[in-house]
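# Coordinate inspection notes
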Amino acid sequence: MTMDYNFLSKDDSLYLKGLAILLIVLHNFFIKIPPVTLANEFFFHISFLQEAWNNFSVTESLNIVLSFIGYGGIYIFFFLSGYGLSKKMRLNDDPFYAIKRIWQLEKLLLIGLVVYLIFNPLSFNFLHIINALSLTNNFFVKNLHQIEGSWWFLFCLAQLYVIFYPLYRFIGKNKNNFLLIIYLYVMLAYIGSPLSILLEDDEFFYRIFIGHIPEFCLGIFVATYENSLPLLQNKKTYFYALTVGIIIFILCQLTFWLWIFSGLAFVAIFISSYKLLKGYVANKYIKYLGKISPYVYIIHCVLLLHFFTDMVKNSSAYEKIMSCALWFCVVLLAGGLLSKLFALPILKRCGDK
């Protein structure tokens, strides 16, 4: 066993971010055009699977598959956040490092707000902007959609940053503490998800940080013990993880009792697939997309999304795909330009340390 083994290199993380943001962007496009297929993202409902099955056709397969499971790219970002923060902590044990990273999220939100106000100048509301910058909009369903609902992920990530250090220290004391965290999550999920429905906010539990602690902590666990877990260096492990992950993810769509593990199952599928197929998906284009993924994420639902989706609602499957490709090129170009702009020395120095 190599003692300096890295489960994921910096390039691996960029490839995974590129693939994950691609899934997220395509999901958020196709979920808005017919045949509208909802996903078990924030809460479970068996009718969503039935709807996907009833709507399925060869011509609309891309639309339906991406609508139904494309949101899973978010789980990968939670995992990579926990993994990346933990790698940094192993080099420099700074209790406030993760909290300092919240400023990066604030900068992203400021970018998104500027783009949003350019395309929606009549929607300016100072209170809504303050609510968004508070990074707590995901706690209040009425506030969440005041500007851009897809930004819930940034709010959730900021909240996970706040509790990162205690989680990191707790998991680092004993491998079994990760299982204890999962056990506590399961108890909360079985109580919290039904309670959310009773409170008439059925998305609440998985819209806030608690619902995504498993993926985040899995990243912490892997980064903490990657040198002492020989299984991570065995290719057979990824075949088994991929197989089990697929089985569990399918079962997750059939019953709420397993659905709460869908995030972990998706991470197992995605990471294992990448490990097994790295030679086919690791290229400079995916890596570049990974580099600009924060900028792509913050603007992709704002930048002409409604124009493109409204334009093709009654079009053929081919026209929908072409419209999506055109929209993606616009988003990619804008994300690349923003990444260049904020790499300028005068802006890069603003809180990057």
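All of the points below concern the structure found in this document. What you see is a predicted model, and the numbers here were worked out from it, not measured in a lab.

### A few points about empty space enclosed by the protein
What the rule picks out here adds up to three cavities of 30 Å³ or more. Here the largest cavity is characterised by a volume of approximately 40 Å³. Every residue lining the largest cavity is listed: Tyr-75, Tyr-185, Tyr-206, Gly-211, Glu-215, Trp-259, Ile-260, Ser-262 and Gly-263. Class assignment for the residues of the lining of the largest cavity results in five nonpolar, three polar and one charged.

### Remarks on unusual backbone geometry
Following Pro-34, the chain continues into Pro-35 via a peptide bond in cis, with omega recorded as -5 degrees. Secondary-structure assignment places Pro-35 in the loop between helix 1 (10-30) and helix 2 (46-55). Even without glycine at this site, Leu-135 takes up a positive phi of about 60 degrees. Mapped onto the elements of the fold, Leu-135 is located in the loop between helix 7 (126-133) and helix 8 (141-144). Residue class for Leu-135 comes out buried when judged on its relative accessible area of 8%.

### Brief notes about the nonpolar core
Ranked by internal contacts, the top residues of the largest apolar core, which has 111 residues, are Phe-7, Phe-29, Phe-79, Trp-151 and Phe-153. Top element by residues in this core is helix 9 (residues 152-173). It accounts for 14 residues. Residues contacting Phe-29, with those up to four places away along its chain left out, are Leu-305, Phe-308, Thr-309, Val-312, Lys-320, Ser-323, Cys-324 and Trp-327.

### Side note on the pattern of salt bridges
One pass over the full model with this rule turns up eight salt bridges. Linking Arg-207 and Glu-203 is a salt bridge whose minimum nitrogen-to-oxygen distance equals 4.0 Å. We classify Arg-207 as buried; its relative accessible area is 0%. Judged by relative accessible area, Glu-203 falls into the partly exposed class, the value being 23%. Through salt bridges with shared partners, a single ionic network connects Lys-87, Arg-90 and Glu-226.

### Quick notes on helix 3 (residues 61-69)
Note: α-helices contain 3.6 residues per turn, so residues at a spacing of three or four share the same orientation. Looking at helix 3, one finds that the buried residues are Asn-63, Ile-64, Leu-66, Ser-67 and Phe-68. Contacts from the buried residues of helix 3 go to helix 1, helix 2 and helix 19 (317-341).

### Here's the deal with the environment of Cys-324
Of note, Cys-324 is situated in helix 19. Placed 19 residues apart in sequence, Cys-324 and Leu-305 show a C-alpha to C-alpha distance of 9.4 Å. In contact with Cys-324, not counting residues within four places along its chain, are Leu-26, Phe-29 and Phe-30.

Cut-off values and rules
- Residues numbered from 1 in each chain as written.
- Predicted model: local features only at pLDDT ≥ 70, side-chain atom pairs only at ≥ 80, totals over all residues.
- Heavy atoms only, no water.
- 1 Å grid on protein atoms, 1.4 Å probe; cavity = no way out; pocket = protein on both sides within 12 Å on 5 of 7 lines; lining within 4 Å.
- Points joined across faces, edges and corners; volume = space filled by probe spheres on them.
- Nonpolar A, V, L, I, M, F, W, Y, C, P; charged D, E, K, R; others polar.
- Helix = DSSP H or I, 4+ residues; strand = E, 2+ residues; numbered from the N terminus.
- Buried < 20%, exposed > 50% of the residue type's maximum accessible area, 1.4 Å probe, protein only.
- Core = buried A, V, L, I, M, F, W, Y, C linked by side-chain atoms within 4.5 Å.
- Contact = heavy atoms within 4.5 Å.
- Salt bridge = Lys/Arg side-chain N within 4 Å of Asp/Glu carboxyl O.

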